4 protein chains.
Amino acid sequence: MTLNNDMTIIVLQKAVSDFRDARDWRQFHSPKNLSMSIAIEAAELMEHFQWLTTSEANSLAEQNPEARQAIVEELADVLIYCFSLADILDCDIAEIMLDKLAKNNAKYPTDQYRGRY
Amino acid sequence: MTLNNDMTIIVLQKAVSDFRDARDWRQFHSPKNLSMSIAIEAAELMEHFQWLTTSEANSLAEQNPEARQAIVEELADVLIYCFSLADILDCDIAEIMLDKLAKNNAKYPTDQYRGRY
Amino acid sequence: MTLNNDMTIIVLQKAVSDFRDARDWRQFHSPKNLSMSIAIEAAELMEHFQWLTTSEANSLAEQNPEARQAIVEELADVLIYCFSLADILDCDIAEIMLDKLAKNNAKYPTDQYRGRY
Amino acid sequence: MTLNNDMTIIVLQKAVSDFRDARDWRQFHSPKNLSMSIAIEAAELMEHFQWLTTSEANSLAEQNPEARQAIVEELADVLIYCFSLADILDCDIAEIMLDKLAKNNAKYPTDQYRGRY
(Lines give C-alpha, C1' and ligand atoms only; values in the text may rest on other atoms or scores of the structure.)
Protein backbone atom coordinates (compact mmCIF):
# COMPACT_ATOMS: atom_id res chain seq x y z
CA MET A 1 0.00 0.00 0.00
CA THR A 2 1.34 3.37 -0.97
CA LEU A 3 0.84 6.94 0.04
CA ASN A 4 -1.76 7.57 -2.68
CA ASN A 5 -4.34 5.41 -0.99
CA ASP A 6 -4.35 8.02 1.76
CA MET A 7 -5.99 10.25 -0.80
CA THR A 8 -9.55 11.11 0.09
CA ILE A 9 -12.50 10.04 -2.03
CA ILE A 10 -13.48 13.67 -2.53
CA VAL A 11 -10.18 14.44 -4.31
CA LEU A 12 -10.70 11.58 -6.77
CA GLN A 13 -14.34 12.51 -7.25
CA LYS A 14 -13.26 16.02 -8.20
CA ALA A 15 -10.58 14.76 -10.61
CA VAL A 16 -13.24 12.66 -12.38
CA SER A 17 -15.81 15.45 -12.65
CA ASP A 18 -13.17 18.01 -13.73
CA PHE A 19 -12.13 15.70 -16.59
CA ARG A 20 -15.76 15.42 -17.68
CA ASP A 21 -16.54 19.12 -17.36
CA ALA A 22 -13.42 20.21 -19.27
CA ARG A 23 -14.99 18.43 -22.27
CA ASP A 24 -18.59 19.44 -21.57
CA TRP A 25 -19.52 15.75 -21.39
CA ARG A 26 -22.00 16.11 -18.52
CA GLN A 27 -24.77 16.13 -21.16
CA PHE A 28 -23.94 12.50 -22.14
CA HIS A 29 -23.71 11.31 -18.54
CA SER A 30 -27.27 10.21 -17.93
CA PRO A 31 -27.59 7.39 -15.37
CA LYS A 32 -28.79 5.06 -18.15
CA ASN A 33 -25.71 5.76 -20.29
CA LEU A 34 -23.31 5.55 -17.34
CA SER A 35 -24.74 2.22 -16.20
CA MET A 36 -24.07 0.93 -19.75
CA SER A 37 -20.55 2.38 -19.62
CA ILE A 38 -19.78 0.62 -16.35
CA ALA A 39 -21.01 -2.68 -17.82
CA ILE A 40 -19.01 -2.18 -21.04
CA GLU A 41 -15.76 -1.48 -19.17
CA ALA A 42 -16.45 -4.42 -16.85
CA ALA A 43 -16.67 -6.66 -19.93
CA GLU A 44 -13.36 -5.32 -21.24
CA LEU A 45 -11.81 -6.17 -17.88
CA MET A 46 -13.31 -9.67 -18.04
CA GLU A 47 -11.94 -10.18 -21.53
CA HIS A 48 -8.42 -10.55 -20.14
CA PHE A 49 -9.47 -13.69 -18.25
CA GLN A 50 -11.98 -15.08 -20.77
CA TRP A 51 -10.11 -18.18 -21.94
CA LEU A 52 -7.76 -18.71 -19.02
CA THR A 53 -8.13 -21.37 -16.39
CA THR A 54 -8.46 -20.05 -12.87
CA SER A 55 -4.80 -20.74 -12.15
CA GLU A 56 -3.62 -19.14 -15.41
CA ALA A 57 -5.74 -16.09 -14.54
CA ASN A 58 -4.24 -16.02 -11.04
CA SER A 59 -0.69 -15.85 -12.32
CA LEU A 60 -1.36 -13.54 -15.30
CA ALA A 61 -1.02 -10.25 -13.44
CA GLU A 62 1.97 -11.48 -11.45
CA GLN A 63 3.97 -12.82 -14.36
CA ASN A 64 3.08 -10.50 -17.18
CA PRO A 65 3.66 -6.78 -16.44
CA GLU A 66 2.03 -5.68 -19.71
CA ALA A 67 -1.10 -7.71 -19.02
CA ARG A 68 -1.15 -6.36 -15.46
CA GLN A 69 -0.99 -2.78 -16.77
CA ALA A 70 -3.84 -3.42 -19.23
CA ILE A 71 -5.94 -5.03 -16.48
CA VAL A 72 -5.51 -2.20 -13.99
CA GLU A 73 -6.37 0.33 -16.71
CA GLU A 74 -9.65 -1.47 -17.36
CA LEU A 75 -10.33 -1.58 -13.63
CA ALA A 76 -9.60 2.17 -13.49
CA ASP A 77 -12.14 2.73 -16.30
CA VAL A 78 -14.84 0.91 -14.33
CA LEU A 79 -14.01 2.96 -11.23
CA ILE A 80 -14.00 6.26 -13.15
CA TYR A 81 -17.50 5.59 -14.50
CA CYS A 82 -18.68 4.50 -11.04
CA PHE A 83 -17.41 7.81 -9.62
CA SER A 84 -19.15 9.63 -12.52
CA LEU A 85 -22.45 7.95 -11.70
CA ALA A 86 -22.05 8.70 -7.99
CA ASP A 87 -21.45 12.33 -8.95
CA ILE A 88 -24.64 12.75 -10.99
CA LEU A 89 -26.66 10.86 -8.37
CA ASP A 90 -25.04 13.17 -5.79
CA CYS A 91 -24.25 10.24 -3.54
CA ASP A 92 -21.39 9.77 -1.16
CA ILE A 93 -19.20 6.87 -2.26
CA ALA A 94 -17.78 6.14 1.18
CA GLU A 95 -21.25 6.20 2.71
CA ILE A 96 -22.89 3.89 0.16
CA MET A 97 -20.00 1.41 0.36
CA LEU A 98 -20.02 1.31 4.17
CA ASP A 99 -23.82 1.07 4.26
CA LYS A 100 -23.77 -1.86 1.83
CA LEU A 101 -21.02 -3.63 3.75
CA ALA A 102 -23.09 -3.23 6.94
CA LYS A 103 -26.15 -4.66 5.17
CA ASN A 104 -24.09 -7.58 3.79
CA ASN A 105 -22.64 -8.10 7.24
CA ALA A 106 -26.14 -8.68 8.62
CA LYS A 107 -27.14 -10.83 5.62
CA TYR A 108 -24.09 -13.12 5.74
CA PRO A 109 -23.28 -13.90 9.40
CA THR A 110 -19.64 -14.90 9.66
CA ASP A 111 -20.37 -18.12 11.53
CA GLN A 112 -22.73 -19.39 8.81
CA TYR A 113 -20.80 -18.23 5.77
CA ARG A 114 -17.19 -18.89 6.70
CA GLY A 115 -15.51 -20.55 3.74
CA ARG A 116 -18.66 -20.96 1.70
CA TYR A 117 -21.02 -18.85 -0.39
CA MET B 1 -20.75 16.46 -0.54
CA THR B 2 -20.60 15.21 2.99
CA LEU B 3 -17.96 14.48 5.54
CA ASN B 4 -17.67 10.82 4.53
CA ASN B 5 -16.12 11.62 1.21
CA ASP B 6 -13.17 12.95 3.18
CA MET B 7 -12.55 9.33 4.06
CA THR B 8 -9.37 7.97 2.58
CA ILE B 9 -9.34 5.16 0.03
CA ILE B 10 -7.23 3.06 2.38
CA VAL B 11 -9.95 3.03 5.04
CA LEU B 12 -12.53 1.77 2.54
CA GLN B 13 -10.08 -0.74 1.10
CA LYS B 14 -9.58 -2.14 4.59
CA ALA B 15 -13.34 -2.31 5.28
CA VAL B 16 -13.78 -4.34 2.08
CA SER B 17 -10.93 -6.78 2.79
CA ASP B 18 -11.95 -7.18 6.45
CA PHE B 19 -15.46 -8.16 5.35
CA ARG B 20 -14.00 -10.75 2.99
CA ASP B 21 -11.48 -12.16 5.46
CA ALA B 22 -14.02 -12.46 8.29
CA ARG B 23 -15.73 -15.05 6.04
CA ASP B 24 -12.56 -16.65 4.66
CA TRP B 25 -13.72 -15.71 1.14
CA ARG B 26 -10.26 -14.78 -0.17
CA GLN B 27 -10.10 -18.27 -1.72
CA PHE B 28 -13.02 -17.43 -4.07
CA HIS B 29 -11.60 -14.04 -5.03
CA SER B 30 -9.55 -14.96 -8.07
CA PRO B 31 -9.23 -12.13 -10.62
CA LYS B 32 -11.30 -14.15 -13.09
CA ASN B 33 -14.17 -14.57 -10.60
CA LEU B 34 -13.99 -10.95 -9.44
CA SER B 35 -14.09 -9.64 -13.01
CA MET B 36 -17.27 -11.70 -13.49
CA SER B 37 -18.68 -10.32 -10.23
CA ILE B 38 -18.07 -6.73 -11.30
CA ALA B 39 -19.84 -7.41 -14.62
CA ILE B 40 -22.76 -9.15 -12.89
CA GLU B 41 -23.32 -6.28 -10.46
CA ALA B 42 -22.97 -3.78 -13.31
CA ALA B 43 -25.79 -5.60 -15.11
CA GLU B 44 -27.98 -5.45 -12.00
CA LEU B 45 -27.37 -1.70 -11.89
CA MET B 46 -28.26 -1.40 -15.58
CA GLU B 47 -31.48 -3.34 -15.02
CA HIS B 48 -33.02 -0.34 -13.26
CA PHE B 49 -32.81 1.70 -16.48
CA GLN B 50 -33.45 -1.10 -18.99
CA TRP B 51 -36.87 -0.07 -20.32
CA LEU B 52 -36.84 3.61 -19.43
CA THR B 53 -36.34 6.42 -21.89
CA THR B 54 -33.35 8.62 -21.15
CA SER B 55 -35.57 11.26 -19.57
CA GLU B 56 -37.47 8.72 -17.44
CA ALA B 57 -34.10 7.33 -16.31
CA ASN B 58 -32.90 10.84 -15.48
CA SER B 59 -35.80 11.53 -13.17
CA LEU B 60 -36.04 8.05 -11.61
CA ALA B 61 -33.47 8.59 -8.85
CA GLU B 62 -34.76 12.07 -8.10
CA GLN B 63 -38.42 11.22 -7.87
CA ASN B 64 -38.42 7.72 -6.44
CA PRO B 65 -36.49 7.36 -3.15
CA GLU B 66 -36.88 3.56 -3.11
CA ALA B 67 -35.52 3.25 -6.65
CA ARG B 68 -32.67 5.59 -5.72
CA GLN B 69 -31.79 3.44 -2.73
CA ALA B 70 -31.79 0.27 -4.85
CA ILE B 71 -29.63 1.97 -7.51
CA VAL B 72 -26.99 3.22 -5.07
CA GLU B 73 -26.83 -0.24 -3.46
CA GLU B 74 -26.07 -1.80 -6.86
CA LEU B 75 -23.46 0.89 -7.48
CA ALA B 76 -21.96 0.10 -4.07
CA ASP B 77 -21.78 -3.60 -5.02
CA VAL B 78 -19.82 -2.76 -8.18
CA LEU B 79 -17.45 -0.56 -6.15
CA ILE B 80 -16.96 -3.19 -3.44
CA TYR B 81 -15.91 -5.79 -6.04
CA CYS B 82 -13.64 -3.25 -7.74
CA PHE B 83 -11.94 -2.61 -4.40
CA SER B 84 -11.69 -6.38 -3.86
CA LEU B 85 -9.96 -6.82 -7.22
CA ALA B 86 -7.60 -3.90 -6.52
CA ASP B 87 -6.75 -5.59 -3.24
CA ILE B 88 -5.76 -8.95 -4.73
CA LEU B 89 -3.86 -7.23 -7.55
CA ASP B 90 -2.19 -5.13 -4.84
CA CYS B 91 -2.78 -1.96 -6.79
CA ASP B 92 -3.38 1.53 -5.54
CA ILE B 93 -6.87 2.72 -6.49
CA ALA B 94 -6.04 6.41 -6.37
CA GLU B 95 -2.93 5.89 -8.46
CA ILE B 96 -4.60 3.82 -11.19
CA MET B 97 -7.52 6.25 -11.45
CA LEU B 98 -5.27 9.31 -11.68
CA ASP B 99 -2.96 7.58 -14.17
CA LYS B 100 -5.90 6.62 -16.38
CA LEU B 101 -7.36 10.13 -16.21
CA ALA B 102 -3.95 11.52 -17.26
CA LYS B 103 -3.82 9.06 -20.16
CA ASN B 104 -7.38 9.95 -21.21
CA ASN B 105 -6.49 13.61 -20.90
CA ALA B 106 -3.77 13.17 -23.52
CA LYS B 107 -6.02 10.99 -25.71
CA TYR B 108 -8.99 13.37 -25.71
CA PRO B 109 -7.68 16.95 -26.01
CA THR B 110 -10.29 19.32 -24.63
CA ASP B 111 -10.32 21.53 -27.73
CA GLN B 112 -11.13 18.61 -30.05
CA TYR B 113 -13.58 16.75 -27.84
CA ARG B 114 -15.60 19.53 -26.25
CA GLY B 115 -19.27 18.55 -26.45
CA ARG B 116 -18.73 15.49 -28.60
CA TYR B 117 -17.45 11.95 -28.24
CA MET C 1 -30.29 -33.73 -31.01
CA THR C 2 -34.03 -33.89 -31.25
CA LEU C 3 -36.67 -33.20 -33.82
CA ASN C 4 -37.14 -29.60 -32.63
CA ASN C 5 -33.79 -28.50 -33.93
CA ASP C 6 -35.18 -29.21 -37.39
CA MET C 7 -37.38 -26.20 -36.76
CA THR C 8 -36.59 -23.31 -39.03
CA ILE C 9 -35.30 -20.01 -37.72
CA ILE C 10 -38.31 -18.26 -39.22
CA VAL C 11 -40.72 -20.21 -37.01
CA LEU C 12 -38.82 -19.21 -33.86
CA GLN C 13 -38.51 -15.63 -35.05
CA LYS C 14 -42.28 -15.49 -35.45
CA ALA C 15 -42.90 -17.02 -32.00
CA VAL C 16 -40.70 -14.30 -30.45
CA SER C 17 -42.33 -11.40 -32.30
CA ASP C 18 -45.86 -12.76 -31.68
CA PHE C 19 -45.14 -12.87 -27.93
CA ARG C 20 -43.96 -9.25 -28.07
CA ASP C 21 -46.84 -7.99 -30.21
CA ALA C 22 -49.53 -9.69 -28.11
CA ARG C 23 -48.39 -7.32 -25.31
CA ASP C 24 -47.78 -4.28 -27.50
CA TRP C 25 -44.16 -4.26 -26.33
CA ARG C 26 -42.65 -3.26 -29.69
CA GLN C 27 -42.55 0.33 -28.39
CA PHE C 28 -40.00 -0.65 -25.71
CA HIS C 29 -37.86 -2.66 -28.12
CA SER C 30 -35.43 -0.01 -29.30
CA PRO C 31 -32.01 -1.38 -30.28
CA LYS C 32 -30.45 0.45 -27.33
CA ASN C 33 -32.84 -1.18 -24.85
CA LEU C 34 -32.54 -4.63 -26.45
CA SER C 35 -28.73 -4.50 -26.38
CA MET C 36 -29.01 -3.77 -22.64
CA SER C 37 -31.47 -6.65 -22.24
CA ILE C 38 -29.13 -9.10 -23.96
CA ALA C 39 -26.28 -8.00 -21.67
CA ILE C 40 -28.47 -8.24 -18.55
CA GLU C 41 -29.63 -11.78 -19.36
CA ALA C 42 -26.04 -12.75 -20.24
CA ALA C 43 -25.00 -11.62 -16.74
CA GLU C 44 -27.78 -13.71 -15.15
CA LEU C 45 -26.47 -16.70 -17.09
CA MET C 46 -22.92 -15.98 -15.91
CA GLU C 47 -24.11 -15.74 -12.30
CA HIS C 48 -24.55 -19.52 -12.17
CA PHE C 49 -20.80 -20.02 -12.71
CA GLN C 50 -19.53 -16.97 -10.79
CA TRP C 51 -17.84 -18.68 -7.84
CA LEU C 52 -17.26 -22.13 -9.30
CA THR C 53 -13.93 -23.46 -10.45
CA THR C 54 -13.86 -24.46 -14.11
CA SER C 55 -14.28 -28.11 -13.20
CA GLU C 56 -17.16 -27.44 -10.80
CA ALA C 57 -18.80 -25.38 -13.55
CA ASN C 58 -18.28 -28.20 -16.03
CA SER C 59 -20.09 -30.72 -13.89
CA LEU C 60 -22.83 -28.41 -12.60
CA ALA C 61 -25.24 -28.89 -15.51
CA GLU C 62 -24.60 -32.62 -15.66
CA GLN C 63 -25.05 -33.37 -12.00
CA ASN C 64 -27.69 -30.89 -10.92
CA PRO C 65 -30.90 -31.02 -12.99
CA GLU C 66 -32.37 -27.96 -11.27
CA ALA C 67 -29.26 -25.89 -11.98
CA ARG C 68 -29.28 -27.15 -15.57
CA GLN C 69 -32.90 -26.05 -15.99
CA ALA C 70 -32.14 -22.59 -14.59
CA ILE C 71 -29.08 -22.26 -16.86
CA VAL C 72 -30.92 -23.20 -20.05
CA GLU C 73 -33.72 -20.77 -19.16
CA GLU C 74 -31.19 -17.93 -18.89
CA LEU C 75 -29.65 -19.00 -22.19
CA ALA C 76 -33.14 -18.98 -23.72
CA ASP C 77 -33.66 -15.42 -22.44
CA VAL C 78 -30.47 -14.27 -24.17
CA LEU C 79 -31.55 -15.96 -27.40
CA ILE C 80 -35.08 -14.50 -27.24
CA TYR C 81 -33.69 -10.97 -26.95
CA CYS C 82 -31.19 -11.66 -29.75
CA PHE C 83 -34.09 -12.77 -31.98
CA SER C 84 -36.02 -9.64 -30.94
CA LEU C 85 -33.12 -7.41 -31.94
CA ALA C 86 -32.70 -9.25 -35.26
CA ASP C 87 -36.40 -8.66 -35.85
CA ILE C 88 -36.33 -4.89 -35.37
CA LEU C 89 -33.09 -4.62 -37.39
CA ASP C 90 -34.85 -6.75 -40.03
CA CYS C 91 -31.84 -8.98 -40.39
CA ASP C 92 -31.65 -12.63 -41.23
CA ILE C 93 -30.24 -14.63 -38.31
CA ALA C 94 -28.97 -17.52 -40.42
CA GLU C 95 -27.31 -15.14 -42.84
CA ILE C 96 -25.53 -13.02 -40.22
CA MET C 97 -24.31 -16.12 -38.35
CA LEU C 98 -22.98 -17.79 -41.51
CA ASP C 99 -21.38 -14.53 -42.72
CA LYS C 100 -19.64 -14.06 -39.37
CA LEU C 101 -18.44 -17.66 -39.32
CA ALA C 102 -17.00 -17.17 -42.83
CA LYS C 103 -15.26 -13.99 -41.70
CA ASN C 104 -13.88 -15.73 -38.60
CA ASN C 105 -12.80 -18.62 -40.78
CA ALA C 106 -10.59 -16.27 -42.80
CA LYS C 107 -9.35 -14.49 -39.66
CA TYR C 108 -8.38 -17.63 -37.77
CA PRO C 109 -6.79 -20.09 -40.23
CA THR C 110 -7.11 -23.60 -38.85
CA ASP C 111 -3.41 -24.40 -39.23
CA GLN C 112 -2.34 -21.39 -37.16
CA TYR C 113 -5.03 -21.51 -34.49
CA ARG C 114 -5.42 -25.22 -33.82
CA GLY C 115 -5.51 -25.71 -30.05
CA ARG C 116 -4.70 -22.12 -29.19
CA TYR C 117 -6.40 -18.74 -29.13
CA MET D 1 -37.41 -12.08 -44.48
CA THR D 2 -35.30 -14.09 -46.83
CA LEU D 3 -34.85 -17.68 -47.78
CA ASN D 4 -32.05 -18.20 -45.27
CA ASN D 5 -34.36 -17.95 -42.31
CA ASP D 6 -35.91 -21.17 -43.59
CA MET D 7 -32.66 -22.77 -42.53
CA THR D 8 -33.10 -25.17 -39.66
CA ILE D 9 -31.47 -24.61 -36.29
CA ILE D 10 -29.63 -27.90 -36.64
CA VAL D 11 -27.75 -26.66 -39.73
CA LEU D 12 -26.55 -23.54 -37.92
CA GLN D 13 -25.68 -25.54 -34.82
CA LYS D 14 -23.49 -27.80 -36.96
CA ALA D 15 -21.79 -24.83 -38.68
CA VAL D 16 -20.90 -23.42 -35.25
CA SER D 17 -19.53 -26.67 -33.83
CA ASP D 18 -17.64 -27.47 -37.06
CA PHE D 19 -15.88 -24.10 -36.85
CA ARG D 20 -14.89 -24.83 -33.25
CA ASP D 21 -13.77 -28.40 -33.90
CA ALA D 22 -11.67 -27.47 -36.94
CA ARG D 23 -9.52 -25.49 -34.47
CA ASP D 24 -9.71 -27.95 -31.58
CA TRP D 25 -11.26 -25.22 -29.43
CA ARG D 26 -13.71 -27.49 -27.61
CA GLN D 27 -11.20 -27.60 -24.74
CA PHE D 28 -11.68 -23.86 -24.08
CA HIS D 29 -15.46 -24.02 -24.31
CA SER D 30 -16.36 -24.66 -20.70
CA PRO D 31 -19.79 -23.29 -19.71
CA LYS D 32 -18.08 -20.76 -17.41
CA ASN D 33 -15.91 -19.42 -20.25
CA LEU D 34 -18.76 -19.39 -22.76
CA SER D 35 -21.05 -17.49 -20.38
CA MET D 36 -18.27 -14.88 -20.10
CA SER D 37 -17.92 -14.82 -23.89
CA ILE D 38 -21.63 -14.20 -24.38
CA ALA D 39 -21.49 -11.32 -21.88
CA ILE D 40 -18.38 -9.84 -23.51
CA GLU D 41 -19.90 -9.88 -27.00
CA ALA D 42 -23.15 -8.47 -25.59
CA ALA D 43 -21.15 -5.53 -24.20
CA GLU D 44 -19.50 -4.95 -27.59
CA LEU D 45 -22.97 -4.84 -29.12
CA MET D 46 -24.12 -2.37 -26.47
CA GLU D 47 -21.10 -0.15 -27.12
CA HIS D 48 -22.62 1.00 -30.42
CA PHE D 49 -25.53 2.59 -28.54
CA GLN D 50 -23.66 3.73 -25.42
CA TRP D 51 -23.80 7.51 -25.88
CA LEU D 52 -26.76 7.79 -28.23
CA THR D 53 -30.21 8.99 -27.27
CA THR D 54 -32.95 6.46 -27.88
CA SER D 55 -33.96 8.19 -31.11
CA GLU D 56 -30.38 8.44 -32.37
CA ALA D 57 -29.97 4.73 -31.61
CA ASN D 58 -33.21 3.97 -33.45
CA SER D 59 -32.04 5.62 -36.65
CA LEU D 60 -28.39 4.49 -36.48
CA ALA D 61 -28.86 1.13 -38.21
CA GLU D 62 -31.23 2.59 -40.80
CA GLN D 63 -29.12 5.54 -41.80
CA ASN D 64 -25.59 4.25 -41.46
CA PRO D 65 -24.88 1.04 -43.40
CA GLU D 66 -21.39 0.65 -41.89
CA ALA D 67 -22.74 0.94 -38.34
CA ARG D 68 -25.51 -1.51 -39.22
CA GLN D 69 -22.95 -4.03 -40.49
CA ALA D 70 -20.86 -3.68 -37.31
CA ILE D 71 -23.97 -4.09 -35.14
CA VAL D 72 -25.20 -7.24 -36.87
CA GLU D 73 -21.70 -8.74 -36.63
CA GLU D 74 -21.71 -8.22 -32.87
CA LEU D 75 -25.19 -9.72 -32.68
CA ALA D 76 -23.90 -12.68 -34.71
CA ASP D 77 -21.05 -13.12 -32.21
CA VAL D 78 -23.51 -13.30 -29.31
CA LEU D 79 -25.60 -15.84 -31.21
CA ILE D 80 -22.58 -17.97 -32.16
CA TYR D 81 -21.50 -18.24 -28.51
CA CYS D 82 -25.10 -19.00 -27.46
CA PHE D 83 -25.19 -21.85 -29.99
CA SER D 84 -21.77 -23.02 -28.69
CA LEU D 85 -23.08 -23.13 -25.13
CA ALA D 86 -26.25 -24.95 -26.23
CA ASP D 87 -24.00 -27.47 -27.96
CA ILE D 88 -21.88 -28.31 -24.92
CA LEU D 89 -24.97 -28.41 -22.69
CA ASP D 90 -26.52 -30.68 -25.34
CA CYS D 91 -29.73 -28.71 -25.31
CA ASP D 92 -32.18 -28.07 -28.08
CA ILE D 93 -32.31 -24.36 -28.93
CA ALA D 94 -35.80 -24.45 -30.41
CA GLU D 95 -37.11 -26.36 -27.41
CA ILE D 96 -35.59 -24.09 -24.75
CA MET D 97 -36.79 -20.94 -26.56
CA LEU D 98 -40.33 -22.24 -26.98
CA ASP D 99 -40.43 -23.51 -23.38
CA LYS D 100 -39.29 -20.12 -22.06
CA LEU D 101 -41.81 -18.26 -24.23
CA ALA D 102 -44.56 -20.53 -22.85
CA LYS D 103 -43.41 -19.83 -19.29
CA ASN D 104 -43.27 -16.07 -19.98
CA ASN D 105 -46.71 -16.30 -21.57
CA ALA D 106 -48.12 -17.62 -18.29
CA LYS D 107 -46.16 -15.10 -16.22
CA TYR D 108 -47.19 -12.03 -18.23
CA PRO D 109 -50.89 -12.39 -19.16
CA THR D 110 -51.59 -10.24 -22.21
CA ASP D 111 -54.52 -8.44 -20.61
CA GLN D 112 -52.45 -7.27 -17.64
CA TYR D 113 -49.24 -6.44 -19.45
CA ARG D 114 -50.43 -4.84 -22.67
CA GLY D 115 -48.34 -1.72 -23.26
CA ARG D 116 -46.56 -1.84 -19.95
CA TYR D 117 -43.77 -3.78 -18.27
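The structure we're discussing is the one just above.
Residues numbered from 1 in each chain as written. Chains lettered and ligands numbered in written order. Predicted model: local features only at pLDDT ≥ 70, side-chain atom pairs only at ≥ 80, totals over all residues. Heavy atoms only, no water.

Draft legend 1. Structural context of the overall build of chain A. The secondary structure content of chain A amounts to six helices and zero strands. Overall, chain A shows an N-to-C arrangement of helices and strands of α-α-α-α-α-α. Viewed in the frame of its principal axes, chain A has a C-alpha envelope of about 45 × 40 × 35 Å. Per-residue burial for chain A yields a buried fraction of 56% across its 117 residues. Across chain A, the fraction of contacts at a sequence separation of at least 24, relative to all contacts at a separation of at least 6, is 70%. Per element, the accessible surface of chain A, about 5000 Å² overall, is 48% carbon and sulfur. When the 11 positive and 19 negative side-chain charges of chain A are each reduced to one mean point, those points stand 8 Å apart. (Helix = DSSP H or I, 4+ residues; strand = E, 2+ residues; numbered from the N terminus. Buried < 20%, exposed > 50% of the residue type's maximum accessible area, 1.4 Å probe, protein only. Contact = heavy atoms within 4.5 Å. Areas by Shrake-Rupley, 256 points an atom, 1.4 Å probe, with all protein chains shown as cover. Lys, Arg positive; Asp, Glu negative; His and termini not counted. Charge placed at Lys NZ, Arg CZ, Asp CG, Glu CD.)

Draft legend 2. Expanded view of the relation of the copies chain D and chain A. After a rotation of 180° and a shift along the axis of 0.0 Å, chain D superposes on chain A with an RMSD of 0.0 Å. Read as a symmetry element, the transformation amounts to a two-fold axis. Closest to the rotation axis within chain D is the C-alpha of Ala43 of chain D, separated from it by 3.1 Å. Comparing interface residues between copies, 100% of those in chain D also lie at the interface in chain A; the contact surface is shared. (Least-squares fit on C-alpha atoms with pLDDT ≥ 70 in both.)

Draft legend 3. Representation of the relation of the copies chain D and chain C. If you rotate chain D by 180° and push it 0.0 Å along the axis, it lands on chain C with an RMSD of 0.0 Å. Mapped onto chain C, 100% of the interface residues of chain D again fall at the interface, so both copies present the same surface.

Draft legend 4. Highlighting empty space enclosed by the protein. Under the defined criterion, the tally for this structure stands at one cavity of 30 Å³ or more. Space inside the largest cavity adds up to approximately 90 Å³. Sorting the residues of the lining of the largest cavity by element identifies helix H2 (31-47) of chain A, helix H2 (31-47) of chain B, helix H2 (31-47) of chain C together with helix H2 (31-47) of chain D as the ones contributing at least two each. Taken together, the residues of the lining of the largest cavity sort by class into 12 nonpolar, no polar and no charged. (1 Å grid on protein atoms, 1.4 Å probe; cavity = no way out; pocket = protein on both sides within 12 Å on 5 of 7 lines; lining within 4 Å. Points joined across faces, edges and corners; volume = space filled by probe spheres on them. Nonpolar A, V, L, I, M, F, W, Y, C, P; charged D, E, K, R; others polar.)

Draft legend 5. Representation of helix H5 (residues 93-107) of chain B within the structure. Between its first and last C-alpha, H5 of chain B extends 21 Å over 15 residues, near the 21 Å set by a 1.5 Å rise per residue. Each element contacted by the buried residues of H5 of chain B is listed here: helix H1 (9-22) and helix H4 (65-88) of chain A together with helix H1 (9-22) and helix H4 (65-89) of chain B. Between a side-chain oxygen at the N-terminus of H5 of chain B and the backbone nitrogen of Ala94 of chain B the separation is 3.1 Å; the capping residue is Asp92 of chain B. (Expected span 1.5 Å × (residues − 1). Polar contact = N/O pair within 3.5 Å; in protein donor to acceptor, adjacent residues only side chain to side chain.)

Draft legend 6. Structural detail: the state of the cysteines. What the rule picks out here adds up to zero disulfides over all chains. Summary of cysteine pairing: Cys82 of chain C is not part of a disulfide, and the nearest cysteine sulfur, belonging to Cys82 of chain D, is at 5.1 Å. The exposure class assigned to Cys82 of chain D is buried, which follows from its relative accessible area of 0%. (Disulfide = S-S within 2.5 Å.)

Draft legend 7. Spatial organisation of the packing of helix H4 (residues 65-88) of chain C against helix H4 (residues 65-88) of chain D. Remark: H4 of chain C packs on H4 of chain D, axes separated minimally by 10 Å, with the N-to-C direction vectors making an angle of 150°. Judged by the inter-axis angle, H4 of chain C sits roughly antiparallel to H4 of chain D. Our pair here, H4 of chain C against H4 of chain D, has a crossing hand that is left-handed. Within the contact between the two elements, H4 of chain C uses Leu75, Val78, Leu79, Cys82, Phe83, Leu85 and Ala86 of chain C and H4 of chain D uses Leu75, Val78, Leu79, Cys82, Phe83, Leu85 and Ala86 of chain D. Taken together, the residues of the contact of H4 of chain C with H4 of chain D sort by class into 14 nonpolar, no polar and no charged. (Axes fitted to C-alpha atoms, helices over the stretch in contact; angles between N-to-C directions. Parallel < 35°, antiparallel > 145°, perpendicular 65-115°, else oblique. Left-handed = near helix turned anticlockwise from the far one by under 90°.)

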